[in-house]
Amino acid sequence: PQVRRPPQVRRPPQVRRPPQVRRPPQVRRPPPQTAFYKRVSFRDLPYQRGKSAMKLKRDADSYAVEASFLSSSAADELQSLVALPTAYFADLRPQQNQFALLVRDFGDDWYQRGLLQDEGHATAAARALARFHAFFWGPPWTTTTPGGKEEVPAVWDAACYFEPEKQDPAHFDHIGGDVWRDRVDAFGFAETYADLGDRFARVARDVARRAHPPERANKQTVIHGDPKAANLFFRAAAAGGDKDTDTAPTLEVGLVDFQWTGFGRAATDLAHFL
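Small disclaimer: the values here were computed from a predicted structure and weren't measured.

Along its length, the protein chain carries six helices and nine strands. Relative to its 274 residues, the protein chain shows a buried fraction of 36%. Here the contacts in the protein chain between residues at least 6 apart in sequence split such that 71% fall between residues at least 24 apart. When the accessible surface of the protein chain is totalled, it reaches about 18000 Å², and 54% of it is carbon and sulfur.

This is how it looks when you write it as structure tokens:
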């Protein structure tokens, strides 16, 4: 007689686990003598409360750009040309709009200038920007380093926070008219400049496209994106020849705040600095 076998138990389908992401090896950096802790929470900043959703996302993305750039090997290579605040730790929480970054502090021998009104500081800063641009100069998707070619870190496809695509569509409608008139009155401009805002408004969109070309092929290099005086540090240079000239440099320059770093034109970076 046939022996009745027990019914086969159907095994549950195998759950396919996602492939394991191989983490890049951690770069072992020497510990800093002093560190700077940059922490941002949008809910603590009054000026963030009235921003559009587009601008809030733009600002949130900017902290990921800064963390990516300062943690990259490209930033390590740049240290021989211009001082940067090397990143040691990043805690990015875009869902909560909270961001933290621990970076190397420049130290007490560095200082800032509110306005670069003298030739020495202005020249040193311009040379530092030139070295920064030259490092990434060439095909806009790679950079030549002493170790060969490597991928550029995750930065903006179009640098600068004032780049047209990072603004609300009506941004260019608020240049002339009463907006400019308020500025004329507030700053005490001569009546000669009363119509300057309207003249700006007529050419602003075309000038913006020229300064920030949408096609990456028309961008020359990676630029800082916000090289204002507040993002520049200086200190007396050590003895030795300048990297660009035969004269001994009097100042070293450090750059901070890389939230708006990305592809762009060197002249746009320099114009913003000036």
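Now that the structure is up, let's keep going.
This part covers the sheet that holds strand 2 (residues 87-93). Strands pair in a sheet through their backbones, by hydrogen bonds, and they do so in one of two ways: parallel or antiparallel. As summarised here, the arrangement of the three strands in space is 1-3-2, forming an open sheet in which the pairing is antiparallel. Among the strands making up the open sheet, the edge pair consists of strand 1 (35-41) and strand 2. Across the sheet, the axes of successive neighbouring strands diverge by a mean angle of 5 degrees, strand direction being ignored. Sheet topology note: the strand 1/strand 3 (residues 98-104) ladder contains seven bridges and is antiparallel. Note that in strand 3 the partner of Val 40 across the bridge is Phe 99. Seen against the sheet, helix 1 (residues 53-70) touches strand 1, strand 2 and strand 3 and runs at an angle of roughly 25 degrees to strand 3.

This brings us to the nonpolar core. Residues Phe 69, Leu 78, Leu 84, Phe 132, Phe 136 and Leu 255 are the most contacted members of the largest nonpolar core, which totals 31 residues. Membership of the second largest hydrophobic core comes to five residues, among which are Val 40, Ala 60, Tyr 63 and Phe 99.

The share of residues in the protein chain with pLDDT of 70 or more is 78%, and the mean pLDDT across the chain is 81. Note that pLDDT drops below 50 for residues 12-27; the model gives that stretch one contact with residues more than four away or on any other chain.

It is worth spelling out empty space enclosed by the protein at this point. A full pass over the atoms with the stated rule returns two cavities of 30 Å³ or more. Of the pockets and cavities examined, the largest cavity occupies roughly 50 Å³. Along its surface, the largest cavity is lined by Lys 38, Val 40, Tyr 63, Glu 66, Ala 67, Leu 92, Phe 99, Ala 100 and Leu 101. Contributions of two or more residues to the lining of the largest cavity are made by strand 1, helix 1 and strand 3. In terms of residue class, the lining of the largest cavity is built from seven nonpolar, no polar and two charged. A volume near 40 Å³ is recorded for the second largest cavity. Lining the second largest cavity are Ala 159, Cys 160, Ala 211, His 212, Pro 213, Lys 219, Ile 223, Phe 263, Gly 264, Arg 265 and Thr 268. Of the residues assigned to the lining of the second largest cavity, the class counts are six nonpolar, three polar and two charged.

We now examine helix 6 (residues 266-273). Looking at helix 6, one finds that the buried residues are Ala 266, Thr 268, Asp 269 and Phe 273. One side of helix 6 carries all its buried residues, which in axial view fall inside an arc of 165 degrees. Within helix 6, the exposed residues directed more than 90 degrees away from the buried face are Ala 267 and Ala 271. Where helix 6 is buried, its residues touch helix 3 (119-136), helix 5 (196-211), strand 6 (221-223), strand 7 (232-236) and strand 9 (262-264).

Our next topic: the packing of helix 3 against helix 6. Two packed helices can be described by the angle between their axes and the distance between those axes. Relative to each other, helix 3 and helix 6 sit at 155 degrees, their axes nearing to 11 Å. Considering the angle they form, helix 3 stands roughly antiparallel to helix 6. Here helix 3 and helix 6 pass one another in a crossing that is right-handed. Packed against helix 3, whose contacting residues are Ala 122, Ala 125, Ala 126, Leu 129 and His 133, the element helix 6 presents Ala 266, Asp 269, Leu 270 and Phe 273 at the interface. Its residues assigned to classes, the contact of helix 3 with helix 6 shows seven nonpolar, one polar and one charged.

A few words on unusual backbone geometry. Unlike most non-glycine residues, Asn 97 shows phi in positive territory, near 55 degrees. Inspection of the secondary structure puts Asn 97 in the loop between strand 2 and strand 3. Positive phi, normally seen in glycine, also occurs at Asp 257, with a value near 65 degrees. Along the polypeptide, Asp 257 turns up in the loop between strand 8 (251-255) and strand 9. Judged by its relative accessible area of 18%, Asp 257 is buried.

Scoring rules and cut-offs
Counting restarts for each chain: residues are numbered from 1 in the order of the written sequence. In keeping with the model being predicted, local features are shown solely for residues with a pLDDT of at least 70 and side-chain atom pairs are shown and tallied solely at 80 or more, while totals for entire chains, interfaces and linings include all residues. As a rule here, side-chain values cover all heavy atoms of the structure and leave hydrogens and water aside. Labels follow the DSSP assignment, with helices taken as runs of H or I lasting at least four residues and strands as runs of E lasting at least two, numbered in each case from the N terminus. Buried residues are those whose accessible area, probed at 1.4 Å on protein chains only, stays under 20% of the maximum for their type, while exposed residues exceed 50% and partly exposed ones sit between those limits. Contacts are residue-level and defined by heavy atoms, with any inter-residue pair within 4.5 Å sufficient. With residues, only the protein chains shown are counted as cover, and all accessible areas are computed by Shrake-Rupley using a 1.4 Å probe. Two strands are said to pair when DSSP picks up at least two bridges between them. Fitted lines through C-alpha atoms give the axes, limited to the stretch in contact for helices. The angle between two N-to-C directions lies from 0 to 180 degrees. Note on terminology: a nonpolar core comprises buried Ala, Val, Leu, Ile, Met, Phe, Trp, Tyr and Cys residues joined through side-chain atoms within 4.5 Å. A score from 0 to 100, pLDDT tells how confident the predictor is in each residue. Every definition here rests on a 1 Å grid over the protein atoms only: cavities are sets of points where a 1.4 Å probe fits but cannot get out, pockets are open sets enclosed by protein on both sides within 12 Å along at least five of seven lines, and lining residues have some atom within 4 Å of a point. Grid points are joined across faces, edges and corners, and a volume is the space filled by probe spheres set on the points. Classes in brief: Ala, Val, Leu, Ile, Met, Phe, Trp, Tyr, Cys and Pro nonpolar; Asp, Glu, Lys and Arg charged; the others, Gly included, polar. It is the directions from the helix axis to the C-beta atoms that the arc portrays. Roughly parallel means an angle under 35 degrees; roughly antiparallel means over 145; roughly perpendicular covers 65 to 115; every other angle is labelled oblique. By definition, any crossing whose near helix is turned counterclockwise from its far helix by less than a right angle is left-handed, and any crossing with a clockwise turn is right-handed.

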